[in-house]
Each structure stands twice: as C-alpha cells, then as structure tokens.
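A look at the structure
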Amino acid sequence: MKKEENKKDFTTKRLKTLRKKDLSVQGLLDGLLKGDKSALGQAITLIESTKVSHLKKSEELITRCLRYAGNSVRIGITGVPGVGKSTFIESFGSHLTKLGKKVAVLAVDPSSSFTKGSILGDKTRMESLAKNASAFIRPSPASDSLGGVTRKTRETIILCEAAGYETILIETVGVGQSETVVHSMVDFFLLLKLAGAGDELQGIKRGIMEMADAIVINKADGNNLKNVKLAQTEFSRALHLYPPKPNGWAPQVLSCSALENKGIEAIWNMILEFVKTTQQNSYFEKNRSEQNKNWFLQTVEQLLKQQFYQDSDTKQLLKKLLPEVELNKISPFAAANKLINARK
Ligand code: GDP
C-alpha cells in the first residue's frame, strides 16, 4: 500500500513539475536534441501522461523526434528475479560509458500495472550507473495494461535516441507476455541464466529460447565456474536443435560475472558482431520496419476495440447478450455476430 502511495506521489510531483515548466513541444525538442537529461525526463513524463491535453503534444513531439531517432542498438535483457539483471546492467552499462557511449536503461514491468510500483529499472538498484553522466535510467511506466506499458516504452526509445543515447537497454522480468513484447521492440535479445545442477533446460519456456540471440550465464565466479561450463555446453547443444534464425545469426552462449565485471567486454563485442552481420544481410533494417508495421497494426486493433466497447449501444447490447450466452439461449458465435453487426 505504501509503495502504491509513493508511486502516486511521485507521478503527481512529476506532472506538477511538468505544468510549471515550459511545456512547448519546441522547448522540449530543443532540450532533447542538446541531450539535456531533464528535458528528456519531462518529455517522457509528457508521453506517459494520460491527460487529453498532453496526448496531442506528445504525438507531435514523437513525430518531430522521428527523424533524429533510430541511430542506436536496442538490446532486450531478460531473466528471472535474482539472476543478476541489475548487477549486469550496472556493469555492462558502465563498460559502455567508458567506451564513450551514452546508455539509456528502460524497463517493461507488467507488475507495475497492478502495484503501480515498479520493481525494475529502479535507480536504487543501479546506484553507480544512475550517477553516471552518460547514463539515463527510467523505471517502467505504470499503466493499466501491458499494451499501455509497451506503447510508452516504444515511444520512450524514440525520445532517448533523439537525445543521443546510442545504446538502449530494455529490461524485463519475463512475467506473462512481457518477454515477447520486449523482443518485438529490440534488435538484440539477451537471456540471462544461472548455472543449475545439470537441469538447465527444465522450466525454460520454449519460446524464449527461440527468441534469444544470446544466452549469458551469469555468476561465473568463485566455486560456480565448473557448473557454468557445464551449463554452457548444455545450452549450446540445445540451441543447435533449433532451426536457423531468419536474421542469419547463430545464437551464442557466453558467461560472465556481473559482480566482478568479467566477460562483459566479450558480450559487447558479440553484440557488435551481431549488428555487423545483420546490417550486412539487411536484416537489421528489415526487422525494424517490420516492428514498426506491427506496432501500427496492433495499435489500430487496440483503438478499434476501445472505440467499439466505449459505444453506449454496444455496451447495452453486450449486457443483454451475456446472460443469454450463459444460459445457452444463443451460441457465442451468433451473439458475437449480432453484437458486431448491430453497429453497422
Ligand atoms: P535481478 O533481480 O535479476 O536484478 O538480480 P540482482 O542484480 O539484484 O542480483 C541478485 C543477487 O545476485 C545480488 O545479491 C547480487 O549481488 C548477486 N549477483 C549478481 N550478479 C552476480 C555475479 O556475477 N556473481 C555473484 N556471485 N553474484 C551476483
């Protein structure tokens, strides 16, 4: 409950700041293009706002940012709680900033839609990266639906790119559909794993193995090294059983110690190799266009659905038909047809 209230206070505070400051699209755009972090923060708050007066502005801002966006590598990172995601992002992100890169860390956290408090992409989880001038960390937006979180995150990517962030890390804990959603907005998808006791493949969702461009076994340190080697072999073997991916990339299995900053450079080099391969075979651009098209079509579906259910005649007829379906007076299909056709 306390967490819920805190988050609410935080959002209200952000909106208040937004109201006080210059909210013109031009002002925000100028700030963004200069790489001003506070302008970026305000721009994200604007697109996260559900106020009707903010919607038009945020749409204009995103449209104007598009020509400055796209110049980045978008990396999805997933793994169960405790696998070391935040420790990894802290280490990986710091490595990148040392190479002179600007890193943005975003999160897609479906639980935030229920608790209004996010457990991911939290600044307190990545203390040193949060203080780094070249890094920008934003917790998962709160929304009533995963669709809402998705849309806001996708638009946030565009804002971050316009602000000059050339590496975007998107973290998710992989509850429900969130892995698929993150996969649909990134170039490279990384699955963090732990070495178990020889039963690595148990409990791992098939879909997620197929989505992964790399599996990285974390906590490769201390007494764990032998287990990590075994896990690496097992995952490599399992990956070989999958058909080749359309991106022409053979998924790799690496290991690292996020805690001791070991193996981090090799992971970045692998991602660079991936980018090179997929740019050469044109998959990189093709995939992004495909993602945009899907994003557009999904939004059309969502909006149609929203409009449909908001209609008062539809609401009434739905209320009448539901008990009839329940009592088997009409078939579900006939009832659906009746409902849809009533609007024509
Ligand atoms: P998350 O829930 O996936 O974000 O996991 P955290 O990054 O919070 O890490 C969970 C725990 O594992 C913490 O106690 C970390 O210190 C520890 N941890 C993370 N990475 C490593 C690692 O590479 N080696 C070891 N030994 N511990 C690690």
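Located above this text is the structure these notes cover.
Read on for an overview of the structure. (Residues numbered from 1 in each chain as written. Predicted model: local features only at pLDDT ≥ 70, side-chain atom pairs only at ≥ 80, totals over all residues. Heavy atoms only, no water.)

**A short note on the overall build of the chain**
From N to C terminus, the chain includes 15 helices and seven strands. In the chain, which comprises 344 residues, the share counted as buried stands at 46%. Nonlocal contacts in the chain, meaning residues at least 24 apart in sequence, comprise 75% of its contacts between residues at least 6 apart. (Helix = DSSP H or I, 4+ residues; strand = E, 2+ residues; numbered from the N terminus. Buried < 20%, exposed > 50% of the residue type's maximum accessible area, 1.4 Å probe, protein only. Contact = heavy atoms within 4.5 Å.)

**Considerations on helix H4 (residues 52-65)**
Helix length check: H4, at 14 residues, gives a terminal C-alpha distance of 20 Å against a target of 20 Å (1.5 Å per residue), a fit within 8%. Along H4, the residues classified as buried are His54, Ser58, Leu61, Ile62 and Cys65. For H4, the angular spread of the buried residues around the axis is 95°, confining them to a single face. Exposed and facing more than 90 degrees away from the buried side of H4 are Val52, Lys56, Glu59 and Thr63. (Expected span 1.5 Å × (residues − 1). Arc of directions from axis to C-beta.)

**Side note on helix H2 (residues 25-33)**
Buried within H2 we find Val25, Leu28, Leu29, Gly31 and Leu32. The buried residues of H2 occupy an angular sector of 165° when projected down its axis, which confines them to one face. For H2, the elements touching its buried residues are helix H3 (37-48), H4 and helix H8 (146-162). Once H2 finishes, Gly35 follows within two positions and takes phi at roughly 80°, a positive value.

**Comments concerning the sheet that holds strand E6 (residues 214-217)**
What the seven strands build is an open sheet, ordered E3-E2-E4-E1-E5-E6-E7; its pairing is parallel. Each edge of the sheet is formed by a strand with only one pairing partner; in this case those strands are strand E3 (135-137) and strand E7 (252-255). Averaged over all adjacent pairs, the angle separating strand axes in this sheet is 20°, with direction ignored. Running at roughly 180° to strand E4 (residues 167-172), helix H5 (residues 85-98) makes contact with strand E1 (73-78), strand E2 (103-108), E4 and strand E5 (188-193) of the sheet. (Pairing = 2+ DSSP bridges. Axes fitted to C-alpha atoms, helices over the stretch in contact; angles between N-to-C directions.)

**Focus on the packing of aromatic side chains**
Aromatic ring pairs are described here by two measures, namely the spacing of the ring centres and the angle between the planes. Applying the stated criterion across every chain yields a total of six aromatic pairs. For the pair Phe92 and Trp268, a centre-to-centre distance of 6.1 Å together with 70° between the ring planes defines the contact as edge-to-face. Here Phe92, found in helix H5, pairs with Trp268, found in helix H12 (residues 264-280); they are 176 residues apart in sequence, far enough to count as distant. Neither Phe92 nor Trp268 differs from the other in exposure class; each is buried. Considering the side-chain rings of Phe188 and Phe274, the 4.9 Å spacing of their centres and the 85° angle between planes classify their relative orientation as edge-to-face. Of this pair, Phe188 sits in strand E5 while Phe274 sits in helix H12, and the two are 86 residues apart along the sequence. Among the residues examined, Phe188 registers a relative accessible area of 0% and is labelled buried. Using a relative accessible area of 1% as the deciding quantity, one classes Phe274 as buried. (Phe/Tyr/Trp six-rings, centres within 6.5 Å; stacked < 30°, edge-to-face > 60°.)

**Some thoughts on the pairing of E4**
Buried residues dominate E4, accounting for six of its six residues. Residue alternation in E4 divides its side chains into two sets, Thr167, Leu169 and Glu171 and Ile168, Ile170 and Thr172, and both sets are buried. Here E1 pairs with E4 via six bridges, running parallel. Counterpart to Thr78 in the pairing with E4 is Thr172.

**Let's talk about the site of the ligand**
Not every one of the 15 residues close to the ligand is listed here, only the nearest: Gly82, Lys85, Thr87, Arg125 and Asp221. Asp221 places a side-chain nitrogen or oxygen 2.6 Å from a nitrogen atom of the ligand. Between the ligand and Ala258 there is a distance of 2.9 Å, counted from an oxygen atom to a backbone nitrogen or oxygen. When isolated, the ligand has an accessible area of 580 Å², and the protein chains bury 69% of it. Taken together, the residues that form the shell around the ligand break down as five nonpolar, six polar and four charged. (Near = heavy atom within 4 Å. Polar contact = N/O pair within 3.5 Å; in protein donor to acceptor, adjacent residues only side chain to side chain. Areas by Shrake-Rupley, 256 points an atom, 1.4 Å probe, with all protein chains shown as cover. Nonpolar A, V, L, I, M, F, W, Y, C, P; charged D, E, K, R; others polar.)

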